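Summary of structural features
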Amino acid sequence: MKVKKLMAQLGDYLNAERRAQIAKYDAIKKILSKLKKKTKLLEEQLDQEWDEAVQEHLKQEISVITAQRKKGLTILKEIKEARKK
Amino acid sequence: MIRKIILPTIFLLLAYGFWLSPDFKEISAGVAIFLFGMLVLERGFKAFTGGSLEHLLRSTTNQLWKSISFGFVSTALMQSSSLVSLITISFLSAELISLAAGIGIIFGANIGTTAGAWLIAAFGLKVKLSIYAMPMLVFGVILIFQKSKSLSGMGYILTALGFLFLGIHHMKEGFDAFKQTLDLSVYAVPGYRGLFLYTLIGLLATVVMQSSHATLVLILTALASQQISYDNAIALAIGSNIGTTITAILGSLSANVDGKRLAAAHLIFNLITGLLTFIFIHQLISVVDVMSQLMTIAPDNYTMKLALFHTLFNLLGVLTLMPFINRMVTLLEWLFPTPVMEVESARYLTDASAEIPDAAVEAVKKETVILYDHAVDIIIFGLGLNRDKLFSDEAPDRVIDSSSQVGSGAIDDLYERRIKTIYGAIVEFTSHVHGTLSDRQSNALIEQREAGHDIIEVVKGIKHLQKNLAIYQHARNSHICGEYDQIRLKIARILKALNALQHADDETASVLSLDHLKVEISKKDIFASGGLDSLIRKKQITAPMAISLMNDTTYCNAICRNLIHIGERIFVARDPDDKAAEQSVALDEREISEVIERLDERKLR
């Protein structure tokens, strides 16, 4: 089993395309966690905000980040499926 | 005239030498093969300068000991102090590293270059290197033809090592055979006369070959076959150390002021080290003898003793000058002052930065950021805002309320003095970058050039906008006055967001935040929201005012769009993978529209 895993890792290293895919997957995962942190931060700000205009602004920003996270998750799923194939 | 004569004369002399002695031919061929190996080696290592080198340099040069270690390790591994000098000058020209760090690297490189002498003295002259050279060349050439850049780079390095081994082998064979026909050791000159004469020969040989490493290999092979005396070999090594500075000086001719300062530091180091060695030559030789005994080096193993001497005298120079690096920086800054310019010109786009693709990309990025900073000053001036207030914690609408009168004119002059020359230099530089650029590097250059073009468009837009802003800013009609304030507010918000992104140090900052600005711009569009029609219908503004507002809204939208494009290009993540990931997660126009639709639906509910 270990040998099989090692061979798979070696295969990943030698295949440039696959290596790029792994790098992309990791980078998107990193960005998604960044965006998740930011969403939490904005939601906390929204809870404490009384000014309606600022509230509207924060809601807008949260909606944009939600759309970005959704897009990122779709890309991650695609990469995973491509790797399986 | 002299230049025209030199090359044919050298050719004639060499040809005469080859005709006279086949052994001389073999030694010269060995030197030629070795030098060619050095060229191939440089090419190989350059293949690995695609991204990680910049990161490595940044993280390993923030302290003096780290800079020295970087210089030592990189030179010992790459076996080329010239390549390390060249990379250091390129990165210094692009201000990726400080002058003190650059000096540290050069100091380290001087010790690192001695590693080659140890390897050759210990193994190169005892083992038949040509046996290893042949398979290296075969495997290397096969690897060169591989598609992968790193495999091809490894191929170049392997081939280079093959050539270096082959070169050493031919030099050794040549000297061994030469000894049977002519004994050069009879020309050995003893005492200080010999020291000066052979130092000069070593210096000249290095200047001609442009490689102290090649000179040293030649010295070691000649010493191993007893063609030169140990004392004279020492003098030759000192000369080659001074001669190697010529490469750095030649490299710095095309560099900016920082590159010139570094080359001067290199010269100062080698001259002082040479002088110290001259003064303490006998003491140094004694230290070498004592250390050789401790290291169990045989008393007659002169090649190993020469390698030890070479390391010791470079170490002596580094230890003596290390405490004076900051003073050296002050002296060099005084000797080579930064030029003050009436008309702003490019700071980083030098021929030296063009040598290494990564440094070239970084130089263009930095120059584009400078161009952007100048454009921000012009925008702030054109909108009649106060820079400090705009970039403070104050809300943008309050900044607009407290703004001064919008000035008239002057933007043309500012454009000529602060934008045009730099942008021209960026366009010219990006067209002339040397070396083979990877797709990522050429895309980065294209992106920066596009960002520069967007900056020009923004400045032009501000120039158009300024005319009516000056007229309507304090108009009696509060409606038109309010609309022009909205235009200023829209641009001010983007400038503020971009400034936050430019100076952000928290980990959640990313160009993805610009997507929110895109939504805001679309939502506040006076055309789409029907605001303009309402103003005309209710006769709150006159027809000429409406036309001006329509035109200026178009300018404003273009300015905002261009500013966001600029931000997406110049404040993007440094790491290529992070950058690509950010770009793929960023929303496109259709997705932005969908977000707006969802927001509108939610509002209606």
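**Here's the deal with the environment of I521(B)**
Residues and elements named next belong to chain B. Inspection of the secondary structure puts I521 in helix α25 (residues 514–523). Residues I521 and R561, 40 residues apart in the sequence, show an inter-C-alpha distance of 8.5 Å. Excluding its chain neighbours within four sequence positions, the residues that come into contact with I521 are K490, I494, N557, C560 and I564.

**Quick notes on the side chain of T39(A)**
Residues and elements named next belong to chain A. By secondary structure assignment, the location of T39 is in helix α2 (residues 16–48). Judged by relative accessible area, T39 falls into the buried class, the value being 6%. With residues near it in sequence (within four places) discarded, T39 still touches I62, I65 and R69.

**Some remarks on helix α11 (residues 212–224) of chain B**
Residues and elements named next belong to chain B. The end-to-end C-alpha distance of α11 is 18 Å, a good match for the 18 Å that 13 residues give at a rise of 1.5 Å each. Here α11 lies mainly inside the structure; eleven of its 13 residues are buried. Of all the positions in α11, only S212, H213, A214, T215, L216, V217, I219, L220, T221, A222 and L223 are classed as buried. Backbone geometry just downstream of α11 places Q226 in the positive-phi region, at approximately 55 degrees.

**Some thoughts on the pattern of salt bridges**
All names here are of chain B. By the definition in use, this model includes 16 salt bridges over all chains. Of the charged contacts, one joins R417 and D413 as a salt bridge, the two residues approaching to 3.4 Å between their closest N and O atoms. Of this pair, R417 and D413 are both found in helix α22 (residues 411–432), four residues apart, which corresponds to roughly one turn of the helix. Its relative accessible area of 42% is what places D413 among the partly exposed residues. Ionic contacts of the salt-bridge type, sharing partners, join the residues D377, R387 and R418 into one network.

**Topic: the nonpolar core**
In this structure, Y372(B), I491(B) and L563(B) are the most contacted members of the largest nonpolar core, which totals 152 residues. At 14 residues, helix α19 (residues 357–383) of chain B tops the list of elements feeding residues into this core. Here this core gathers at least three residues from each of two domains, domain 1 (24–181 + 192–335) and domain 2 (356–604) of chain B. Apart from the residues within four sequence positions on either side, L563(B) is in contact with Y372(B), I379(B), V458(B), I491(B), I494(B), L495(B) and L498(B). Membership of the second largest hydrophobic core comes to 18 residues, among which are L35(A), I65(A), I75(A) and L512(B).

**Concerning the packing of α22(B) against helix α23 (residues 439–472) of chain B**
When two helices pack together, their arrangement is given by the angle between their axes and by how far apart the axes lie. Residues and elements named next belong to chain B. One way to put it is that α22 packs onto α23 with a least axis distance of 10 Å and a crossing angle of 165 degrees. Accordingly, the angle class assigned to the pair α22 and α23 is roughly antiparallel. Two packed elements cross with a definite hand, and for α22 against α23 that hand is left-handed. Contacts between α22 and α23 involve I411, D412, Y415, I419, Y423, V427, T430 and S431 from the former and L445, R449, G452, H453, I455, I456, V459, I462, K463 and Q466 from the latter. Grouping the amino acids of the contact of α22 with α23 by side-chain chemistry returns ten nonpolar, five polar and three charged.

**Quick word on the interface of chain A and chain B**
Opposite the 22 residues of chain A that make contact, chain B presents 27 residues. Summing the contributions of chain A and of chain B, the shared interface buries around 2,200 Å²; its carbon and sulfur component is 61%. Together, Q60(A), Q68(A) and K71(A) form the three largest contributors to the area buried by chain A at its contact with chain B, with a combined 25%. At the boundary of chain A with chain B, the tally comes to two salt bridges. Where K30(A) meets D578(B), a salt bridge forms, and the shortest distance between an N and an O atom there is 2.9 Å. Between chain A and chain B we count eight residue pairs in polar contact (both at pLDDT 80 or more) in total. For the side of chain A that touches chain B, the secondary structure elements donating two or more residues are α2 and α3 (52–84) of chain A.

Criteria and thresholds
- Residues numbered from 1 in each chain as written.
- Chains lettered and ligands numbered in written order.
- Predicted model: local features only at pLDDT ≥ 70, side-chain atom pairs only at ≥ 80, totals over all residues.
- Heavy atoms only, no water.
- Helix = DSSP H or I, 4+ residues; strand = E, 2+ residues; numbered from the N terminus.
- Contact = heavy atoms within 4.5 Å.
- Buried < 20%, exposed > 50% of the residue type's maximum accessible area, 1.4 Å probe, protein only.
- Expected span 1.5 Å × (residues − 1).
- Salt bridge = Lys/Arg side-chain N within 4 Å of Asp/Glu carboxyl O.
- Core = buried A, V, L, I, M, F, W, Y, C linked by side-chain atoms within 4.5 Å.
- Domains from an automatic or database assignment.
- Axes fitted to C-alpha atoms, helices over the stretch in contact; angles between N-to-C directions.
- Parallel < 35°, antiparallel > 145°, perpendicular 65-115°, else oblique.
- Left-handed = near helix turned anticlockwise from the far one by under 90°.
- Nonpolar A, V, L, I, M, F, W, Y, C, P; charged D, E, K, R; others polar.
- Buried area = accessible area lost by both parts, 1.4 Å probe.
- Polar contact = N/O pair within 3.5 Å; in protein donor to acceptor, adjacent residues only side chain to side chain.

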